[in-house]
Amino acid sequence: MPRAQKVIRFGVIGLGLMGREFGSAAARWCHLLNLDFVPQITAICDTNEKLWEWFDSNFDTIKLCTTNYQDLLDSDEVDAIYCAVPHNLHAQVYTDIIKAGKHLLGEKPFGIDLEANDQILAMLHQHPNTVVRCSSEFPFFPGPQRVVKYVNEGRFGQIIEVASGLLHSSDLDPNKKINWKRMVAVNGEYGCMGDLGMHPLHIPIRLGWTPSNVRAMLSNIVKERPDASGKLVPCETWDNATLVCEVNTVEQDFPMTIQTYRIAPGETNTWYIRVTGTRFSVEYSTKYPKTLKIMEYTPGKEQAWQHIDLGYETPYPTITGGIFEFGFSDGLLQMWAAFCDELTNGRQGMKQPFYCATPDETGIHHRILTAALESGKHGQVVEVKQE
Ligand SMILES: NC(=O)c1ccc[n+]([C@@H]2O[C@H](COP(=O)([O-])OP(=O)(O)OC[C@H]3O[C@@H](n4cnc5c(N)ncnc54)[C@H](O)[C@@H]3O)[C@@H](O)[C@H]2O)c1
């Protein structure tokens, strides 16, 4: 007898790179064990009709294919939406989704800029019963989960420094064609920070490490790229950003560095975090997905880093053996489980405590990026607007 599972009927808006990743996660829900909820894709929308075929041929639950997302919002067959569209559309589409009373997992950066993010959060305040969260999967990897646990256990003594980042490298190729992520009008003025920033900022924000100020160094390294026809056109977005932040908590002050790089030679989607402290330090990078580095320190004793192979240690249990490696699509699956869990059981009833990034957390990340953009332009330290 199959377990009684609540079916959450999903509409997907935006069937590109990330839309398909959600399709794949929903298709292998049986990977997860003992859950009382399951997503089912009932409706899809993309202005590019050619993208319907992959979904339609892989999911026999789809009842609606459309180029107009409003059709999904009007549909009784849709409880929740996954939305993965370019940044210039976030404010309009997300506010329409929330206004229609559909639950939403929306892609980062949750608005092309702070003003757009404010509009989404204002609509949410009028509809407080809709469950709205932002996609951010890296914190669901085994390593980052340990980092959060260690911080919550207060292991570090005085924190010396925090560093986190997301590094890409394909833009090192000057012949790579321009796409919407390299256009200010569609991706946003934040450039690489808007595209990548939620990833390294999610855990620091969750841990209460919102900086009071930031000094950002922004680089536009490749200033022209070929368009689809091969003609060179301006590429105006920031390629790389280093944010040096001052964090002041009740207990202590420390520096935090956030890197969002499109041009980090050799790196393919490397997400990392390092927290060093006077009694304990930890470091994790997706470059070595099962390896966690820790260093415990007793004054006067030797300093030695330990490397632990975490294997497949997940927030939600799965069929995979503990010795195997965890990867990007596994992080997404765990994030999806957290979203559906919160939707079904509420925050207090979740089967594990780590919930998806909240709209308020996206607001904090926008205030940090807005200050960073100003800092980078004027070469000054800029205060991060507090709530
Ligand atoms: N969480 C992650 O790791 C991650 C990774 C990559 C991208 N993203 C985010 O996902 C979102 C989408 O990025 P992507 O890489 O999937 O982009 P993409 O270009 O591959 O897909 C976007 C899709 O949206 C469709 N679209 C555009 N306008 C539309 C409209 N009005 N109605 C319906 N569909 C429309 C496009 O045709 C395209 O298929 C962005 O917010 C991006 O920042 C997140």
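Going by the structure above, here's the rest.
Okay, so let's go over this structure. (Residues numbered from 1 in each chain as written. Predicted model: local features only at pLDDT ≥ 70, side-chain atom pairs only at ≥ 80, totals over all residues.)

### Description of the pairing of strand 15 (residues 291-296)
The side chains of a regular strand alternate, residue by residue, between the two faces of the sheet.
Now for step 1: Two elements, strand 14 (residues 280-285) and strand 15, share five bridges in a ladder whose sense is antiparallel. Paired with F280 across the strands is E296, a residue of strand 15.
Now for step 2: The turn joining strand 14 and strand 15, which pair antiparallel and follow one another in sequence, is formed by five residues.
Now for step 3: Inspection of the sheet shows strand 15 paired to strand 16 (residues 306-309) by four bridges, in the antiparallel sense. (Pairing = 2+ DSSP bridges. Helix = DSSP H or I, 4+ residues; strand = E, 2+ residues; numbered from the N terminus.)

### A word on the nonpolar core
Now for step 1: If you look at the biggest cluster of nonpolar residues, it comprises 93 residues, and the most contacted ones within it are V12, I13, I81, C83, L104 and A372.
Now for step 2: In terms of residues, this core owes the most to one element, helix 10 (residues 328-349), which gives eight residues.
Now for step 3: Each of domain 1 (6-134) and domain 2 (139-325 + 354-383) gives at least three residues to this core.
Now for step 4: Once residues lying within four places of it in the same chain are set aside, the contact partners of L104 are A80, I81, C83, Y94, I97, I98, T130 and V132. (Core = buried A, V, L, I, M, F, W, Y, C linked by C-beta atoms within 7 Å. Buried ≥ 20, exposed ≤ 12 C-beta atoms within 10 Å, placed from the backbone. Domains from an automatic or database assignment. Contact = placed C-beta atoms within 7 Å.)

### Observations regarding the sheet that holds strand 7 (residues 159-167)
Now for step 1: With mixed pairing, the nine strands of this open sheet are ordered in space as 16-15-14-13-7-12-11-8-17. Of all strands in the sheet, those bounded by a partner on one side alone are strand 16 and strand 17 (382-383).
Now for step 2: In this sheet, strand 12 (residues 253-261) lies alongside strand 7 in parallel orientation, the contact comprising six bridges. Considered in strand 12, the bridge of G165 is made with Q259.
Now for step 3: Helix 9 (residues 198-206) rests against strand 7, strand 12 and strand 13 (270-277) of the sheet, and its axis sits at about 150° to strand 7.
Now for step 4: Relative to strand 8 (residues 213-219), helix 11 (residues 359-378) is tilted by about 60°, and along the sheet it contacts strand 8, strand 11 (240-248) and strand 17. (Axes fitted to C-alpha atoms, helices over the stretch in contact; angles between N-to-C directions.)

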